[in-house]
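One letter stands for each residue in the lines below.
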Amino acid sequence: MNAPETATGLNLTVAMTGASGSVFARELLRVLEDDARVAKVHFLPSEHSLRVVAEELEISGRHNLVEKLLGHAPVKTIQLSESDVGASIASGSYPSNGMIVLPCSMGTLASIANGLAETLVSRAADVTLKERRPLILCVRETPFNRIHLRNMQLASDAGAVIFPVIPTFYNRPVDSDEMARQFVYRVLAHIGLPQKDAYIWRAGE
């Protein structure tokens, strides 16, 4: 079952792994940082994600990465190392309201689907599943091979939600930032955090 909210809001975990789509992770962190319903965000950038961020967003290094992504010093977002398997979120006794992996690489998916739990990212996901908390895997790859599809099925059977990074176009986004933001809004609505600026399709109105 889901962990209860803290006195001041939700406690969430966000992982960014080594697949293309760093802009989606950046927008997710920005929205959560600004959402008054969220009390704390544990942010887990994988080692492979750092290279992707450098190439796609021209942001280099692990030092002060959250501040660089947000554009200001974080208030509620705490950055952890994926090698820190003894962190609080590695234990089921630590209260959490769920985890989002965005983007989720196929390597990360494989680790989660097969219960390897060798890094903090896969361990935190494993804990999220065993405690029956929401786990959203925003997979990013194309085309999928049979191994990818099998691992998505395994993760789904274990309780994860497979939420591919497929942005919408019917809302006519003006740039990649807006496209990423609207996708993030859909992800957050799925875990009970609807956003007031989210585009909602209202055909015929």
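Computed from a predicted structure; not experimentally measured. (Residues numbered from 1 in each chain as written. Predicted model: local features only at pLDDT ≥ 70, side-chain atom pairs only at ≥ 80, totals over all residues. Heavy atoms only, no water.)

### Considerations on unusual backbone geometry
The step from leucine 102 to proline 103 runs through a cis peptide bond, and the omega angle for that step is -10°. Note that proline 103 resides in strand E4 (residues 99–104). Across the junction of threonine 142 and proline 143, the peptide omega takes the value -10°, indicating a cis bond. Along the chain, proline 143 turns up in the loop between strand E5 (135–139) and helix H6 (146–158). Although it is not a glycine, asparagine 64 sits at a positive phi angle of roughly 55°. Examined against the element boundaries, asparagine 64 turns out to sit in the loop between helix H2 (47–57) and helix H3 (65–70). Positive phi, close to 50°, is recorded for alanine 117, a residue that is not glycine. Relative to the assigned elements, alanine 117 resides in the loop between helix H4 (106–113) and helix H5 (120–130). (Helix = DSSP H or I, 4+ residues; strand = E, 2+ residues; numbered from the N terminus.)

### Side note on the pairing of strand E2 (residues 38–45)
Taking burial as the measure, the eight residues of E2 include six buried ones, the bulk of the element. Relative to E2, strand E1 (residues 10–16) is paired through seven bridges, and the arrangement is parallel. Its bridge partner lying in E2, leucine 12 is registered against valine 41. Once the chain exits E1 it traverses helix H1 (residues 22–34) before rejoining the sheet at E2, and the crossover so formed is right-handed. Relative to strand E3 (residues 77–79), E2 is paired through three bridges, and the arrangement is parallel. Its bridge partner being in E3, valine 41 is matched across the sheet by threonine 77. (Buried < 20%, exposed > 50% of the residue type's maximum accessible area, 1.4 Å probe, protein only. Pairing = 2+ DSSP bridges. Right-handed = clockwise from strand over helix to strand, strands pointing away.)

### Describing the nonpolar core
Residues Leu32, Leu102 and Cys138 are the most contacted members of the largest nonpolar core, which totals 35 residues. At the level of elements, E1, H1, E2, H2, H3, E4, E5 and helix H7 (176–190) are the ones that each hand at least two residues to this core. Here leucine 102 is in contact with Ala15, Met16, Phe24, Ala25, Leu28, Cys138, Val165, Phe183 and Val184, once residues within four sequence places are set aside. In terms of nonpolar packing, the next biggest core, distinct from the first, is built from 25 residues, Ala90, Leu129, Met152 and Ala160 among them. (Core = buried A, V, L, I, M, F, W, Y, C linked by side-chain atoms within 4.5 Å. Contact = heavy atoms within 4.5 Å.)

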